[in-house]
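Residue strings, one per chain:
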Amino acid sequence: MSVLSRRPVADIVARRFAAKINSAIHPAGEPRFPEIVVRTAYLNVETRHGPVAATLYFPPSPAGVPGVYVNAHGGGFVVGHRQQDDAWCRFLAANANVVVLNTDYALAPQTRFPTPVEQFYDVVSWASEPERDWDGTRLCVGGQSAGGNLSAAVARMALENAGPDISLQILHYPPLDIVTPPARKPTPLGSKAVLQPWLCEVFDTAYVPDRAMRRHRFVSPAWGDNADGIAGIAPALVITAQYDRLRNEAKQYADKLSAAGALAEYVEVSDVDHGYDIMTDETETIRRMYSLITGHVNRAIG
């Protein structure tokens, strides 16, 4: 067991790593898709763990009352902020008939599981309420990396709590099994991969230091038999990256979703690694994948 699996050490490394990374709003440089301009508004959403900051992105020309898409950013539950998904949220609002609600959530190690999951669920529940300026019955959730994990967990919570009704969940290169040691998750990129085992160990320990708790279905939905009994869960679009260390677990979960009749589509993006749409200049690939996701959202909300 690595020294990074010890909670005090992982917490120190996580805080230092976050302090360095969180200073960059646009890790890839200039804002992507600067030609896409939509109206935005800022708000706080109350949750059982206090308020969380969020940004609303409005479709330029909604066809009637728009639906809503609730987005959770990535960052290993330790780093990141909603601004890093600004390009994606602008793209979706400009091309789908949805208001995009892009939310923050509490980060580890200051706050650990289950607080971020419960916050995201509360935000999604708030977005589904009838008094909003959109149609909360036409609701999608989604996220990249850790945000995909939170989206999978919230879809499962919605299934078990009989609501809110979710039309589609988007799981974009998500971590879905943090029980399996990171070093046992292969990638053809080796030492050049974005997610190195030591970094995954820091993220996992900071978020869920109790190794037994990592088996929880809201933490590791792809592990063991956690995906049994998910008939009726919201349909999912699962997207992986060919070189991502997390590819196999997301594919396994997609297979479980398919068996339950809840897989909208599984897509593997060729020749890219984890975080390709945030940390690279593969603009055409990014535009193609964002268009694919947007198409699924439009179909899901009718």
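As shown above, the structure is provided for reference.
What comes next concerns the included structure. (Residues numbered from 1 in each chain as written. Predicted model: local features only at pLDDT ≥ 70, side-chain atom pairs only at ≥ 80, totals over all residues. Heavy atoms only, no water.)

The description of two aromatic rings rests on the distance between their centres and on the angle between their planes. Counting across every chain of the model gives 10 aromatic pairs. Both rings, one in W88 and one in Y290, keep their centres 4.9 Å apart while their planes meet at 50°; by these two values the pair is tilted. Remark: Y290 occurs in helix α8 (residues 283-301) and W88 occurs in helix α2 (residues 86-95); sequence separation between them is 202 residues. For W88, a relative accessible area of 4% gives the class buried. (Phe/Tyr/Trp six-rings, centres within 6.5 Å; stacked < 30°, edge-to-face > 60°. Helix = DSSP H or I, 4+ residues; strand = E, 2+ residues; numbered from the N terminus. Buried < 20%, exposed > 50% of the residue type's maximum accessible area, 1.4 Å probe, protein only.)

Let's shift gears to the state of the cysteines. For the structure shown, the criterion picks out zero disulfides. Looking at C89, it has no disulfide partner, and the nearest cysteine sulfur is the one in C140, 13 Å off. Note on C89: relative accessible area 0%, which makes it buried. The class for C140 is buried, based on a relative accessible area of 0%. (Disulfide = S-S within 2.5 Å.)

Here the focus is the pattern of salt bridges. Two side chains with opposite charge may pair up if their charged atoms get near one another. Within this structure, the stated rule accounts for 17 salt bridges. Among the salt bridges present, the one from R112 reaches D11, with a minimum N-O distance of 2.6 Å. In this pair, R112 is assigned in the loop between β4 (98-103) and α3 (115-127) and D11 in helix α1 (residues 7-21), connecting sequence segments 101 residues apart. Per residue, the accessibility class of R112 equals that of D11, and both read buried. In this structure, the salt-bridge partner of K185 is E249, at a minimum N-O distance of 3.0 Å. Separated by 64 residues along the polypeptide, K185 in the loop between β6 (168-172) and α5 (197-207) and E249 in helix α6 (residues 247-259) bring together distant segments of the chain. Through salt bridges with shared partners, a single ionic network connects R48, E118 and D122. (Salt bridge = Lys/Arg side-chain N within 4 Å of Asp/Glu carboxyl O.)

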